Amino acid sequence: SQRFGVENHASGIGGILGMDLVVRSAPDGYSLLVTANSTVIHAALLAKTNYDVRKALTPVAQFTSQPYVLAASAALPVNSVQDLIAYAKSRPGDVHYASSGTGSAAHIGMEQLKYTAGTNMVHVPYKSIGPGIADMMGERIQLLFGSVPAIMYHASKGKIRVLAVSSLQRSALLPDLPALAETLPGFEMTGWYGLLAPAGTPAAVINVLNRDINQVLALAEVRQKLAADGAEAPQATPEQFRATIMSEID
C-alpha cells in the first residue's frame, strides 16, 4: 500500500495556485493534482500564464462526470428548452441568468447556450450558485445551470422548474429529463473531478494509478455515494480523460 499526503491550496482563481505547484514539481508520480474542470477553464481563459495547460499536465484518471441542470424560475412562462429559446428571442436582454462567477462552468455553459440558440440573455455573476438559486426562487433571476442535488431539491418542492440536463445524452440519474442536445444538437457541458500529473510522468506510473483508481470507482458503495451527489464514475482511460479536457479547452 502507498500513503498519500494531501495539501489543500485555496485560490481566488479557480485553484490555479495548486496547479502552478504541480506543474513545477518533478514528474516522478509523487506530486499529483486533484482538480475540477473549473481549474482547466480558468487556466485556458487567463491572458498570461507561465505554461500551456494542455502541455504542462498529464491526465491520470477521471473521478467523476456530472451534468448540470438547466433550471428556470417558476414564474418564467416556459416549460421546455424550445419555449425558453422562443421566449428569449422575443425579449432580448430581458432574461437574466446567474452563475457562480465570471469564467465559471455555469457562466461559460450559458454563453455557449446563448451563442448556439442565437439569443441575448444577461449574465449576473455571484460568488457561489447558492445565492443565485435563492434569487431565482425570489423571481429576481430567471435562469441558471446548477448541480443535480441543489436543483432537484428545490424542484421537488415546486419552487423552480427544470428544463434539461447539459450532458450530450440523458443522464442515468435523471432519465426523464431531456438533454439540451435534443434541441441544440451537439451541446454538451459536464463537470468533472480528476487527477493530473506533471508532464513527463512515466506512462507506467500513470497506468498503475489509473487502474487502481478505476477499481475503487467501480465499487458499489462508491458509485452510490457519487450518485447521491449527482455524479457518475466514467471509468475513463488516461487517453479518454485527455480527450475530454482538450475538447473543453477548445
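Our subject is the structure that appears above.
(A) Structural detail: the pattern of salt bridges. Counted by the stated rule, this structure contains five salt bridges. Notably, a salt bridge pairs Glu182 with Arg170, separated by 2.7 Å at the nearest N-O pair. Of the two residues, Glu182 is situated in the loop between strand E6 (160-165) and strand E7 (190-198) and Arg170 in the loop between E6 and E7; the sequence distance between them amounts to twelve residues. By relative accessible area, Arg170 is classed as partly exposed at 41%. Between Asp212 and Arg211 there is a salt bridge, with its nearest N and O atoms 2.9 Å apart.

(B) Geometry of the side chain of Thr58. Here Thr58 shows up in strand E2 (residues 57-73). Accessibility expressed as a relative area gives 14% for Thr58, which makes it buried. Each residue touching Thr58, except ones within four places of it in the same chain, is listed here: Leu196, Ala197, Pro198, Ala199, Gly200, Ile206 and Arg242.

(C) Helix H10 (residues 238-249), seen in detail. Taking 1.5 Å of rise per residue, twelve residues should cover 16 Å, and H10 covers 17 Å from first to last C-alpha, within 8% of that figure. On its buried face, H10 sits against helix H2 (37-45), E2, E7 and helix H8 (203-217).

Criteria and thresholds
- Residues numbered from 1 in each chain as written.
- Predicted model: local features only at pLDDT ≥ 70, side-chain atom pairs only at ≥ 80, totals over all residues.
- Heavy atoms only, no water.
- Salt bridge = Lys/Arg side-chain N within 4 Å of Asp/Glu carboxyl O.
- Helix = DSSP H or I, 4+ residues; strand = E, 2+ residues; numbered from the N terminus.
- Buried < 20%, exposed > 50% of the residue type's maximum accessible area, 1.4 Å probe, protein only.
- Contact = heavy atoms within 4.5 Å.
- Expected span 1.5 Å × (residues − 1).

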